[in-house]
Each structure stands twice: as C-alpha cells, then as structure tokens.
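Notes for the structure review
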Amino acid sequence: MTTGGVVLGVDVGGTGIKARVTDASGRSLGDHRVPTPKDDPHAHRLAEVVADLVVGALRTPAPGPDHTLDAVGLVVPGVVHEASGTAVLSVNLGWRGVPVRDRVQQALEHRGITVPVAFGHDVRAGALAEVSGPGAAALRVGSVGFVPVGTGLASALVVDGAVVDGGGWAGEVGQVRITVGPHAGARTEEIASAGAVARRLGVPSARQAVERVRAGDPAAVAVWHECIDVLADAIAWMTAVAGCHTVVVGGGLAESGALLFGPLGSAVADRLPGLRAPALVPARHRDAAGSLGAAILAQDLLASLTSTGQRA
C-alpha cells in the first residue's frame, strides 16, 4: 500500500485553466493550459475540459511502470463548499449553486475513468502551496495572508500553517462593496484586480496595461494608482484584523514587480499608523500556486483513502 501517487492538479480561473501533473514527491511531470469555457452556467463544458485534461494526464510518462493517475485535485474561484463539491457563488464564471465536482466525476465516468476527485477553493489552495515545502518554514508560523490579484480578487489567511476555511466564505474581499469615494457602489475586485485594470483601460490583458503604465500613459497611471489604493485598503484591514506579518501577493499584477510592490507597500504602511506593516512578497509559485495547491489536495485525499483502507 502506497501513501502517494501521480495526481493532476487543476486550477480553474476566470479566463484560463492551469493543470499540473505531479508525483508523490511533488515533482512536476507536465503542465497544461487551456481557456476556461465561456457562457457555461452549469459547468457542463468545464467538466468536459477537465475530463480532456485527465485523458492527457493519463498519457503523461509516469515515474515507473506501475503508476497511473491516482487522483485529481480541482479548485475553482468564488464561494465554495468543499464537502459537497459545490460552487456556491462564482461571480466571474456565472455559477451559483453548481455541483462542479459531480459534473466532473460524471464526465470522467462517461469516458470510463474512475479516480477520486478532491475539490476546493482556488485561493485557499494557492495559499496552501505557498506555505508548503522547503523554504517556506517562516510562513508556517503566525498569520500570513495570500492575495492573488488576477481576473478577480480574493484572499486567504494561513494561521500557523493551517488555511482558514470559514465555512467557504473566508477571504472573499473582492466581493466587498466600496461605500465611499469615486468608486462607491463597485465591488472591490471591480477596481483592484488585474482583470479590472485591463477592462478599465480597454486592453486585452493586464500585461498590456502595465506596459502603458511604464510608458507613463496618464490614463493608465491613474487606473493603476486607483487599483493600488483599493488593494491597499483590503490588505490593511486583513493585517489589522489578523495580525499578518507577511502578505504574499500573486496573480497577474504581481508580475509587474517593483511597479506594484513599491507603491503598494507604502500605501499599506500609510494605512497602519503605529501598527506593524506586513512584509509584501511575491508568490513563490507565481500563477502555478493554484494548480500546485490542487495537487496537494489530491495527495491529501489519497492519504485519507489509504488511512481508511479505501485505497489499495
């Protein structure tokens, strides 16, 4: 009886899906990226895409002739209920009360594939990846925040190495409505996310928006600083409430480096007079954190099945 295996970690984002095949040691055996299906309110097309990824993973060379794909980890954005495998509310995907895990398992069964599927929240999974493994010992002590700034905005809190679940609702800072100032009435992620920056400037991606900021385009610079101001508010409140000594910032905007981290660090510190400002650090795993976290969830599921005798 083994305690690990080859797993596929699948991270469903608002615009793209990232998947990684790993072995029991966490070594990567292959990466895949595909677009997230649009206009898919019941996740039927998403389930077929994940099934395609599983079929591809089954063809991935494994570290030994006796190894096959042993489990799948699937993480999605929004408010999720891990135990039932349900996306309670995923705004960017148009999901409300969708049994995503069941949809995926049905799509797999239709192809004659039977593997256990672990289900979770993309940001909490990303936080789990960031605090796991060698080199992350300092992040497993005290309170640490994880804030990926991608298509949308959410966060996760890690306390002494354990990710806070909060019944599925913890960390949804992007859904908080702004009540004062020029953006009153908007949700936080409608201003402070990579998707929002690109959308407000009318460009296809945050990378192109960043290029305009670097070039000194006045409109881009204004949108950029508005994003930083709203993001700083969210991080400051997280720090004040949870006492975070470090906030790990990931997602597309983190790729801009000092252009983001310089003014964001100053803005957060300015909002915490007399308090300890957190260290702001880029995500170690960049945009792969979610798929790596999904793979960890799959390994944890395998360990659980092994301990209860459900896996030979």
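The structure reproduced in this document is the subject of the present report. Not measured: the values here are computed from a predicted model. (Residues numbered from 1 in each chain as written. Predicted model: local features only at pLDDT ≥ 70, side-chain atom pairs only at ≥ 80, totals over all residues. Heavy atoms only, no water.)

**Regarding the packing of helix H1 (residues 44-58) against helix H2 (residues 100-110)**
Stated precisely, the cut-off is as follows: What counts as an axis is a line fitted to C-alpha atoms, over the stretch in contact for a helix, and the angles between N-to-C directions run from 0 to 180 degrees. Only DSSP runs of H or I with at least four residues qualify as helices, and only runs of E with at least two residues qualify as strands; both kinds are numbered from the N terminus onward. Reported orientations rely on four angle classes, namely roughly parallel under 35 degrees, roughly antiparallel over 145, roughly perpendicular from 65 to 115, and oblique for the rest. Helix crossings get a hand from a simple test, with the near helix turned counterclockwise from the far one by less than a right angle marking a left-handed crossing and a clockwise turn marking a right-handed one. Note on contacts: a residue pair qualifies if any of its non-hydrogen atoms lie within 4.5 Å across the two residues. The classification used treats Ala, Val, Leu, Ile, Met, Phe, Trp, Tyr, Cys and Pro as nonpolar, Asp, Glu, Lys and Arg as charged, and all other residues, Gly among them, as polar.
Relative to each other, H1 and H2 sit at 55°, their axes nearing to 8 Å. In terms of orientation, H1 lies oblique with respect to H2. Taken as a pair, H1 and H2 cross one another with a handedness that is right-handed. Here His-44, Leu-46, Ala-47, Glu-48, Val-50, Ala-51 and Val-54 of H1 lie close against H2, whose contacting residues are Val-100, Arg-103, Val-104, Ala-107 and Leu-108. In terms of residue class, the contact of H1 with H2 is made up of nine nonpolar, one polar and two charged.

**Observations regarding the nonpolar core**
In plain terms, the rule: We call a set of buried residues a nonpolar core when its members are Ala, Val, Leu, Ile, Met, Phe, Trp, Tyr or Cys and they connect through side-chain atoms within 4.5 Å of each other. The buried label goes to any residue with under 20% of its type's maximum accessible area, the exposed label to any with over 50%, and the partly exposed label to all in between, with areas taken from a 1.4 Å probe on protein chains only.
In terms of nonpolar packing, the biggest core is built from 39 residues, with Leu-253 and Leu-264 touching the most fellow members. Among the secondary structure elements, those contributing two or more residues to this core are helix H4 (194-201), helix H5 (206-214), helix H6 (218-242), strand E12 (246-250) and helix H7 (258-270). Considering each element in turn, this core owes the most residues, 11 residues, to H6. If sequence neighbours within four positions are ignored, Leu-264 has contacts with Ile-228, Leu-231, Ala-232, Ile-235 and Leu-280.

**Structural notes on the layout of surface pockets**
Rules: Grid points spaced at 1 Å over the protein atoms alone were grouped into cavities, where a 1.4 Å probe fits but cannot get out, and pockets, open sets with protein on both sides within 12 Å along at least five of seven lines, with lining residues defined by an atom within 4 Å of a point. Grid points are joined across faces, edges and corners, and a volume is the space filled by probe spheres set on the points.
Put simply, the largest pocket is a space of about 1300 Å³. The wall of the largest pocket is formed by 49 residues, among which Lys-18, Gly-150, Thr-151, Gly-251 and Gly-252 lie closest to the centre. Secondary structure elements with two or more residues in the lining of the largest pocket: strand E2 (16-22), strand E3 (28-35), strand E6 (86-90), helix H3 (122-131), strand E9 (143-148), H4, H5 and helix H8 (289-307). Among the elements that make up the lining of the largest pocket, the one with the highest residue count is H5 (five residues). In terms of residue class, the lining of the largest pocket is built from 18 nonpolar, 19 polar and 12 charged.

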